[in-house]
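As a plain string of letters, each chain reads:
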Amino acid sequence: MIRFGLCCKFENEPIKFRTTTVSYLKRLIAKGEDPKKHLRNIISDNIEALYQSIEYCSQNSIGSFRINSNFFPAITHPDTKYTLDDFENSVELFKKLATCKEKAQNENIRLVMHPDQFILLSSPSEDVTKRAIDDLIYHNYVAELVGVDVINIHVGGAYGDKASAINRVIQNFQKLPAAVKSRLTLENDDKTYSPSELLFICNKLHIPFVYDVHHHRCHKDELSIEKATEKALLTWNREPLFHISSPINGWEGLHTNRHHDYIDINDFPKCWLDLSNVTIEVEAKAKELAIKKLRQELTTL
């Protein structure tokens, strides 16, 4: 059976995740205030929102939920770095996180993460690479606390020499802690790296490939959707994860890389209809409403 995945937030449901900015936290510090109280309140609210999200997914036959990268806001910034142990009564936060993990496991809700676009391993800049590694370590920190099994990233830019960029990804991967490596996956993008190029990297590193069919349609290679699907499945040592979305103005309109509110049923690959034990994240702006509509329309095929 297909497990549909909801990405980060809700369209209609009153479940909200909070965040803050480094600038705001620095203003608190400048006024002589401790930003930890503000951060702790946000984190506590976000943990509660995660629990509610898991509960909603369970009650509405949504099998996976993507946790936003700002779940613990500003945690890796050099001016505001912290860990949960820095907060008063941190034991309570850890207990709530453990409850979320147990809830997700008991309800069979898969939790995943997709770090921001600037987190990449292909950059020629050592500083960019270091910050990317620090951010991946943070994502793994969250992953271990709540039971995330996928931390998915894009490769990034080609920087005028794609072969060298790919080689940097392979080299920088070796710098990651083993726990990060065990969860890391790579996804094809809509402009630079095609499925065939990602498959080369993933097979070289023995890590899974997250196949985004929308991105493949925007940035084609020699592989058909059927062949890319088949090859992607072979990279997984656990339940595979794919992405689907539709272009905001249709395939004949402008900005085909931008996501629509819903999924056009014609964009759902026919070869995916027979898949089983796979997660398909629905990257549509209408969020839970898009999943509901897609599921209903699939029953008519």
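None of the values given here were measured: they were computed from a predicted structure.

Enquirer: Describe the overall build of the chain, listing the residues and the values that go with them.
Expert: For the chain, the helix and strand inventory stands at ten helices and eight strands. Relative to the 2.2 N^0.38 estimate, which gives 19 Å for 301 residues, the radius of gyration of the chain is 19 Å and therefore close to what a compact globule would have. Oriented by its inertia axes, the alpha-carbon framework of the chain measures out at about 60 × 45 × 35 Å. Taking as baseline every contact in the chain between residues at least 6 positions apart, the subset at least 24 positions apart corresponds to 77%. Accessible surface computed for the chain: about 14,200 Å², of which carbon and sulfur atoms make up 49%. When the 38 positive and 41 negative side-chain charges of the chain are each reduced to one mean point, those points stand 2 Å apart.

Enquirer: Can you lay out the sheet that holds strand E6 (residues 209-212) for me, pointing to particular residues and giving the numbers?
Expert: Sheet strands pair via backbone hydrogen bonds, and the direction of the pair is either parallel or antiparallel. Spatial strand order, E1-E2-E3-E4-E5-E6-E7-E8: eight strands in a closed barrel with parallel pairing. When the angles between neighbouring strand axes are averaged without regard to direction, this sheet yields 30 degrees.

Enquirer: Before we move on, could you go through helix H2 (residues 35-59) and cite the residues and values that matter?
Expert: The terminal C-alpha atoms of H2 lie 36 Å apart, and with 25 residues this matches the ideal 36 Å at 1.5 Å per residue to within 8%. Taking the backbone nitrogen of Lys-36 as reference, a side-chain oxygen 3.0 Å away marks Asp-34 as the first, capping residue of H2. Phi turns positive one or two residues past the end of H2, at Ser-61, with a value near 55 degrees.

Enquirer: Before we move on, can you summarise the side chain of Arg-110 with the specific residues and values?
Expert: Examined against the element boundaries, Arg-110 turns out to sit in strand E3 (residues 110-113). For Arg-110, a relative accessible area of 7% translates into the label buried.

Enquirer: Report on the nonpolar core, specifying residues and quantitative values.
Expert: Judged by nonpolar contacts, the single largest core of 87 residues is most densely connected at Phe-72 and Leu-111. Filtering out sequence-adjacent residues up to four positions away, Phe-72 remains in contact with Ile-43, Tyr-82, Leu-84, Leu-97, Tyr-138, Tyr-141, Val-142 and Leu-145.

Enquirer: I'd like a rundown of the environment of Asn-237, residues and numbers included.
Expert: Within the secondary structure layout, Asn-237 lies in the loop between helix H9 (225-233) and strand E7 (241-244). Overall, the relative accessible area of 65% leaves Asn-237 in the exposed class. On a C-alpha basis, the gap between Asn-237 and Ile-207 in space is 8.4 Å, while along the polypeptide they are 30 residues apart. Of note is the side chain of Asn-237, whose polar atom sits 2.8 Å from the side chain of Arg-238.

Enquirer: Any chance you could break down H9 for me, citing the residues and the numbers?
Expert: Taken as a whole, H9 has its buried residues at Ile-225, Ala-228, Thr-229 and Ala-232. The buried residues of H9 occupy an angular sector of 100 degrees when projected down its axis, which confines them to one face.

About the cut-offs
- Residues numbered from 1 in each chain as written.
- Predicted model: local features only at pLDDT ≥ 70, side-chain atom pairs only at ≥ 80, totals over all residues.
- Heavy atoms only, no water.
- Helix = DSSP H or I, 4+ residues; strand = E, 2+ residues; numbered from the N terminus.
- Rg over C-alpha atoms; globule rule 2.2 N^0.38 Å.
- Contact = heavy atoms within 4.5 Å.
- Areas by Shrake-Rupley, 256 points an atom, 1.4 Å probe, with all protein chains shown as cover.
- Lys, Arg positive; Asp, Glu negative; His and termini not counted.
- Charge placed at Lys NZ, Arg CZ, Asp CG, Glu CD.
- Pairing = 2+ DSSP bridges.
- Axes fitted to C-alpha atoms, helices over the stretch in contact; angles between N-to-C directions.
- Expected span 1.5 Å × (residues − 1).
- Polar contact = N/O pair within 3.5 Å; in protein donor to acceptor, adjacent residues only side chain to side chain.
- Buried < 20%, exposed > 50% of the residue type's maximum accessible area, 1.4 Å probe, protein only.
- Core = buried A, V, L, I, M, F, W, Y, C linked by side-chain atoms within 4.5 Å.
- Arc of directions from axis to C-beta.

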